[in-house]
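# A closer look at the structure
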Amino acid sequence: MTSQIRSIVAVLTAVVACGVASNASAQVSDSQTFTVTVPSNLSITAPVDAALTHDETDSNQAFPNQSWTVVGNSLSGVTVSFATGSAFVHTADPTYKRDAQLGLNVTTSSGPGTWTVNQATDVTDYVNSDNVATVTASSNGTSSATFALAVSFITDAYGSFPSGDYATTVTGTVTAN
């Protein structure tokens, strides 16, 4: 009889264990997060150097518009500036200078940010020690753009300055707002 009771207890224990195992619930839903880190991209790309030959008139000498590319993925936008390092300076005799004029327009843009030209034109005034002309634009959000940079050599009166090469360098800078 004790052995029968033991057998019945063993069977009941097995049945209860199976019942507990079969009543356990499995997880039916879960989730996983995927994250992409986009690095900051503030960049500016200048075109190749430009040159022209003076047409021997009293007219200012305008270079073809130069296409600069700016990318700014800052949420608050970016500011871009283009500035001369000096007026046009004679490369053989730096005591001879001519003023430089800059102009700026946005030609294309993409992204949710809107571009505004803050300073559209500027001219150096080397006689009064103003050797820097600066034009600027800014965006109010993430955006890339192509800018048309106009550069002119101010002639005044042709023949009032020596022949030779005159050069200036324009530097473009982009910063996050």
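Residues numbered from 1 in each chain as written. Predicted model: local features only at pLDDT ≥ 70, side-chain atom pairs only at ≥ 80, totals over all residues. Heavy atoms only, no water.

## Quick look at the overall build of the protein
When helices and strands are counted, the protein shows one helix and 13 strands. Element order for the protein, N to C, with α for helix and β for strand: α-β-β-β-β-β-β-β-β-β-β-β-β-β. The buried share among the 177 residues of the protein stands at 29%. Contacts in the protein between residues at least 24 apart in sequence constitute 76% of all its contacts with a sequence separation of at least 6. For the protein, the accessible surface area stands at approximately 11100 Å², while carbon and sulfur atoms represent 54% of it. (Helix = DSSP H or I, 4+ residues; strand = E, 2+ residues; numbered from the N terminus. Buried < 20%, exposed > 50% of the residue type's maximum accessible area, 1.4 Å probe, protein only. Contact = heavy atoms within 4.5 Å. Areas by Shrake-Rupley, 256 points an atom, 1.4 Å probe, with all protein chains shown as cover.)

## A few points about the packing of aromatic side chains
Under the defined criterion, the tally for this structure stands at nine aromatic pairs. Seen in terms of ring centroids, F63 and F88 are 6.2 Å apart; in terms of plane orientation they differ by 5 degrees. Their pairing is stacked. Residue F63 is found in the loop between β2 (61-62) and β3 (66-72), and its partner F88 is found in strand β5 (residues 88-90); the two are separated by 25 residues along the sequence. Of the two residues, F63 and F88, both sit in the buried class. (Phe/Tyr/Trp six-rings, centres within 6.5 Å; stacked < 30°, edge-to-face > 60°.)

## Thoughts on the pattern of salt bridges
What the rule picks out here adds up to one salt bridge. The closest approach of N and O atoms between R98 and D156, which form a salt bridge, is 2.9 Å. Highlighted residues: R98 in strand β6 (residues 97-98) and D156 in the loop between β11 (143-153) and β12 (166-167), separated in sequence by 58 residues. (Salt bridge = Lys/Arg side-chain N within 4 Å of Asp/Glu carboxyl O.)

## Description of the sheet that holds strand β10 (residues 134-139)
Pairing is antiparallel across the open sheet formed by four strands, whose spatial order is β8-β10-β4-β13. Looking at which strands have only one partner, the edges of the open sheet turn out to be β8 (115-119) and β13 (170-176). Mean inter-strand twist for the sheet, computed between neighbouring axes without regard to direction, equals 20 degrees. As defined by bridge partners, strand β4 (residues 78-84) adjoins β10 across five bridges and the pair is classed as antiparallel. Bridge pairing links S81 to T136 in β10. (Pairing = 2+ DSSP bridges. Axes fitted to C-alpha atoms, helices over the stretch in contact; angles between N-to-C directions.)

## Considering the sheet that holds β5
Spatial ordering of the open sheet is given by β6-β5-β12, a layout of three strands whose pairing is antiparallel. The open sheet has two free edges, formed respectively by β6 and β12, since each of these has just one partner strand. In the sheet, β5 pairs with β12 via two bridges, with the strands oriented antiparallel. Looking at β12, one finds that H90 is bridged to Y166.

## Regarding the nonpolar core
Soluble globular proteins: nonpolar side chains tend toward being buried together. With 23 residues, the main nonpolar core has F82, W115, F147 and L149 as its most contacted residues. Listed by contribution, the elements that provide at least two residues to this core are β3, β4, β7 (100-110), β10, β11 and β13. With five residues, the single largest contributor to this core is β11. Excluding residues that lie within four positions of it along the chain, F147 makes contacts with Q66, S67, W68, V70, V80, F82, L104, N105, V106, T107, W115 and A137. (Core = buried A, V, L, I, M, F, W, Y, C linked by side-chain atoms within 4.5 Å.)

## As for unusual backbone geometry
For S129, which is not glycine, the phi torsion reads 65 degrees and is therefore positive. Looking at S129, the relative accessible area reads 62%, which means it is exposed. If you check the backbone angles, D156 has positive phi at about 65 degrees while not being a glycine.

Any functional reading would require information that these geometric values do not contain.
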